[in-house]
Each structure stands twice: as C-alpha cells, then as structure tokens.
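Now for the letters of each chain:
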Amino acid sequence: MDIIISNSSMQPIYEQIVLQIKAKIMNGELKEETMLPSVRALAKEIKVSALTVKKAYDALEEEGFVVTVHGKGSFITLANQALMLEEKKKEVEADLEMAIRKGRSCGMSDEELTQLFQIVLEDERW
C-alpha cells in the first residue's frame, strides 16, 4: 500500500496513515471489503511501529471506514457513506476558510471575496 510518511511533519504519524487511507477510500482506490495489510505488514512496509499502525486502524474503525474481524483482518466498509460525504464537505469548508483568510490578508473585503467566489463558481459550471 502506498503510504508516505513525513517524519518532518507536525502531524502525528498515525494521523498521516489515517488521512491517506481515508483519501484512498474516498477516491475509490480502496473499495468496500478490500482487506487492509496486517498491522505488522504495513508497519514493516512503511517502517513505523506496529502500535502506530494499530492506532491508525483503530481510529479508522472508530470513524466507520474500516471493520476489523478478529483473526481475519481489517476491511474497508462503505456502510457509512454519509460519513465519507461529510468528510469531503469538511475538506471543502477548510479550503474555503483558507481562501478567505488569504483574501483578507491582502485587504479584500467580504464583498470582493463574494464577487470573486461567484465568478469562479460560474466559470466552473459544467
């Protein structure tokens, strides 16, 4: 599994694993019922502690992205598609907040930001 860990990131390693697996689920790269690598196998592959991978898998299970069957492994579950949609919406919201902060930092008014948003929105219509 292609998971890239940045040791220089301020984000904990288990969160990096969680975010990358979620991204693979949301973009369809990991499909429902796909078995994830065992904790030990993934830990060895990405050169981190098995406890770190276990923590990531536990977090994914808690959020409804993965189901673990004792003795068989961890599997992708799409039972909570609403959760995945909500996750995508949160990402869009975060991106919009960042764009607003950038605009305000260079002196743009709310009206200018709204006008710019409308222009971009119209340009992106299919």
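Refer to the structure presented above.
Residues numbered from 1 in each chain as written. Predicted model: local features only at pLDDT ≥ 70, side-chain atom pairs only at ≥ 80, totals over all residues. Heavy atoms only, no water.

Undergrad: For this particular structure, what's the right way to read the overall build of the protein chain?
TA: Counting secondary structure elements, the protein chain contains 5 helices and 2 strands. In summary, the protein chain has a C-alpha radius of gyration of 19 Å against a globular reference of 14 Å for 126 residues, an excess of more than 25%. Expressed along its principal axes, the backbone C-alpha trace of the protein chain runs to roughly 60 × 35 × 20 Å. Taking all 126 residues of the protein chain together, 25% fall into the buried category. Within the protein chain, contacts between residues at least 6 apart in sequence are counted, and of these 47% link residues at least 24 apart. (Helix = DSSP H or I, 4+ residues; strand = E, 2+ residues; numbered from the N terminus. Rg over C-alpha atoms; globule rule 2.2 N^0.38 Å. Buried < 20%, exposed > 50% of the residue type's maximum accessible area, 1.4 Å probe, protein only. Contact = heavy atoms within 4.5 Å.)

Undergrad: What's the story with a nonpolar patch on the surface in this structure? I'm lost.
TA: A cluster of nonpolar side chains, V92, L96, F117 and L121, forms an exposed patch at the surface whose accessible area comes to about 330 Å². Taken together, the elements giving at least two residues each to the nonpolar patch come down to α4 (81–105) and α5 (110–123). By the element assignment, L96 lies in helix α4. (Patch = residues over 30% accessible without salt bridge, like charges linked within 9 Å, V, L, I, M, F, W, Y side chains within 5 Å. Areas by Shrake-Rupley, 256 points an atom, 1.4 Å probe, with all protein chains shown as cover. Salt bridge = Lys/Arg side-chain N within 4 Å of Asp/Glu carboxyl O.)

Undergrad: Please clarify how the packing of helix α1 (residues 13–26) against helix α3 (residues 50–62) should be interpreted in this entry.
TA: Each pair of packed helices can be described by the angle between their axes along with the distance between the axes. At their nearest, the axes of α1 and α3 sit 8 Å apart, and the two run at 45° to each other. By the criterion of interaxial angle, the relationship of α1 to α3 is oblique. Two packed elements cross with a definite hand, and for α1 against α3 that hand is right-handed. Residues I13, Y14, I17, V18, I21 and K22 of α1 lie in contact with α3, whose contacting residues are T52, V53, K55, A56, Y57, A59 and L60. Of the residues assigned to the contact of α1 with α3, the class counts are 10 nonpolar, 1 polar and 2 charged. (Axes fitted to C-alpha atoms, helices over the stretch in contact; angles between N-to-C directions. Parallel < 35°, antiparallel > 145°, perpendicular 65-115°, else oblique. Left-handed = near helix turned anticlockwise from the far one by under 90°. Nonpolar A, V, L, I, M, F, W, Y, C, P; charged D, E, K, R; others polar.)

Undergrad: Which parts of the structure should I look at to understand the side chain of Q16?
TA: Summarising the element assignment, Q16 is placed in helix α1. When sequence neighbours within four positions are dropped, the list of residues in contact with Q16 reads I4, I5, S6, S9 and Q11.

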